[in-house]
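These are the residues of each chain, in order.
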Amino acid sequence: MKAPSLCLLVILAFCALGEGTALAQVVPDIPDVEITGEYGPFLPTLASKDGGEVDQLISILHWFMAVLFVGWGIFFVYCLVRFRQREGHQAKYEPIKAKVSKYGEIAVAGFEVALLVGLSMPIWASVKNDRPTEADNPFRVRVIAEQFQWNFHYPGADGVFGKTGAEFVDTAENPAGIDPNDPGGQDDVVKGELHIPVDRPIIADLSSKDVIHSFFLPVMRVKQDTIPGMRIPVWFEATMTGIFEIACAQLCGNNHYSMKALMYVQSEQEVEDWIKKASIVEEFDEDDLD
Ligand SMILES: [Cu+2]
């Protein structure tokens, strides 16, 4: 069998497998609300305190790439004209020893090293090492990824996360697997929406129930993989209120495209009220089932 037809066969087999399992998997129901901020061909609205540094880095890298692209493009066209086939000209096969290209390469390499060591590494270090301390009074939430939805676990009024275990997980009733006998978990809330306060550090502990996902908050310039068996913290601070999109940025299965959620950045009071309301509704639901 020829290579292209073999490839086609493999692709078709994967599509068939995907179709077969599509119905059994969860597709989140996202409310139809207006998303805050602007999304266009350039970077989306910036709504985080530390995101400006990331934007600056992205901007410098793109301008540098644009200069290289134009420079190499001009060089390419120059070569096409300069070395075209002409009467009375013979091709030579020895390499040309030109000083311009040599110094050009050295300059580009030097600039790249400066970008990496002088700019990227300090920004990465400041974003990744300066974890908010208890004195900063961070708002804590756990993010549990699964095919194909985001679950957000809030500790409730007592500020204590209930014990969790895989044996307690029930996708519909108890997606975070909270131990029903743990007093710390009685007022915990698990929802498919992220509600966070504005102007306060957020620490989100990420985990996954199945495969590798990626927690992506475009307006916060936060993107972190969620790895099964690990709890990975990310932190950020929102600077404006609004409703923003959360996406999964890691191809995690056939319904990956639908793995979205909404992030509500609100005042401290609004978040508190929402959590209180959500915990009352959950208690009511439990009574209703009895
Ligand atoms: Cu995913």
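Source: prediction; values computed, not measured.

Q: Describe the overall build of the chain, with residues and values.
A: When helices and strands are counted, the chain shows four helices and ten strands. In the chain, which comprises 290 residues, the share counted as buried stands at 34%. Considering only intrachain contacts with a sequence separation of at least 6, the fraction spanning at least 24 residues in the chain is 69%.

Q: Could you give an account of the environment of Glu34, with specific residues and numbers?
A: Its place among the elements puts Glu34 in the loop between helix 1 (3-22) and helix 2 (51-82). Accessibility expressed as a relative area gives 73% for Glu34, which makes it exposed.

Q: Explain the pattern of salt bridges residue by residue, including any values.
A: One pass over the full model with this rule turns up six salt bridges. For the salt bridge of Lys163 with Asp182, the shortest nitrogen-to-oxygen distance reads 3.9 Å. Linking Lys163 in the loop between strand 2 (149-154) and strand 3 (189-191) with Asp182 in the loop between strand 2 and strand 3, this pair joins segments that are 19 residues apart in sequence. For Lys163, a relative accessible area of 55% gives the class exposed.

Q: Please give an account of the packing of aromatic side chains that cites residues and values.
A: Under the counting rule described, the total for this entry stands at four aromatic pairs. Arranged with centres 4.5 Å apart and planes meeting at 55°, the rings of Phe64 and Phe111 form a pair that is tilted. Of the two residues, Phe64 is situated in helix 2 and Phe111 in helix 3 (residues 99-129); the sequence distance between them amounts to 47 residues. Sitting over the ring of Phe161, Arg142 keeps its end group 4.2 Å from the ring centre. A cation over an aromatic ring shows up here: Lys223 above the ring of Phe216, its NZ or CZ 4.4 Å from the ring centre.

Q: Before we move on, could you go through the coordination of the copper ion and cite the residues and values that matter?
A: Within the first shell, the copper ion binds the protein through His213 (ND1), Cys248 (SG), Cys252 (SG) and Met259 (SD), at distances of 2.1 to 2.5 Å. Viewed at the metal, the four donor atoms of the copper ion are separated by angles of 89 to 123°, and the geometry they form is tetrahedral.

Q: Would you mind going over the sheet that holds strand 6 (residues 213-217) in detail, with residue names and values included?
A: Read from one edge to the other, the open sheet built from five strands follows the order 4-10-9-6-7, with strand pairing classed as mixed. Every other strand in the sheet has two partners, leaving strand 4 (193-197) and strand 7 (222-226) as the edge strands with one partner each. Strand after strand, the sheet turns through a mean of 25° between neighbouring axes, direction not considered. With five bridges joining them, strand 6 and strand 7 adopt antiparallel strand pairing. Bridging from a neighbouring strand, Leu217 pairs with Val222 of strand 7.

Q: Report on the environment of Leu57, specifying residues and quantitative values.
A: One can find Leu57 in helix 2. Residues Leu57 and Ile123, 66 residues apart in the sequence, show an inter-C-alpha distance of 8.5 Å. Dropping the residues within four chain positions of it, Leu57 is found in contact with Leu119, Ser120 and Ile123.

Q: Report on the nonpolar core, specifying residues and quantitative values.
A: Judged by nonpolar contacts, the single largest core of 36 residues is most densely connected at Trp150, Phe152, Phe215, Met220 and Met263. Those residues in contact with Phe215 that sit more than four places away from it in its chain are Val143, Trp150, Phe152, Leu194, Leu206, Val222, Lys223, Gln224, Thr226, Val234, Ile246 and Ala247.

Q: Outline helix 3, listing residues and values.
A: Over its 31 residues, helix 3 extends 43 Å from the first C-alpha to the last, a length consistent with the 45 Å expected when each residue adds 1.5 Å. Along its length, helix 3 reaches its greatest deviation from straightness, about 35°, at Ser120, and the proline Pro122 lies no more than four positions downstream. In this structure, the buried residues of helix 3 make contact with helix 2.

Thresholds, definitions, all that
Residues numbered from 1 in each chain as written. Predicted model: local features only at pLDDT ≥ 70, side-chain atom pairs only at ≥ 80, totals over all residues. Heavy atoms only, no water. Helix = DSSP H or I, 4+ residues; strand = E, 2+ residues; numbered from the N terminus. Buried < 20%, exposed > 50% of the residue type's maximum accessible area, 1.4 Å probe, protein only. Contact = heavy atoms within 4.5 Å. Salt bridge = Lys/Arg side-chain N within 4 Å of Asp/Glu carboxyl O. Phe/Tyr/Trp six-rings, centres within 6.5 Å; stacked < 30°, edge-to-face > 60°. Lys NZ or Arg CZ within 6 Å of the ring centre and 35° of its normal. Donors = N, O, S within 2.8 Å, 3.2 Å for Na, K, Ca; no water. Tetrahedral: all angles 85-135°; square planar, octahedral: opposite > 155°, others 65-115°. Pairing = 2+ DSSP bridges. Axes fitted to C-alpha atoms, helices over the stretch in contact; angles between N-to-C directions. Core = buried A, V, L, I, M, F, W, Y, C linked by side-chain atoms within 4.5 Å. Expected span 1.5 Å × (residues − 1). Bend = angle between axes of the 7 residues up to and from the residue.

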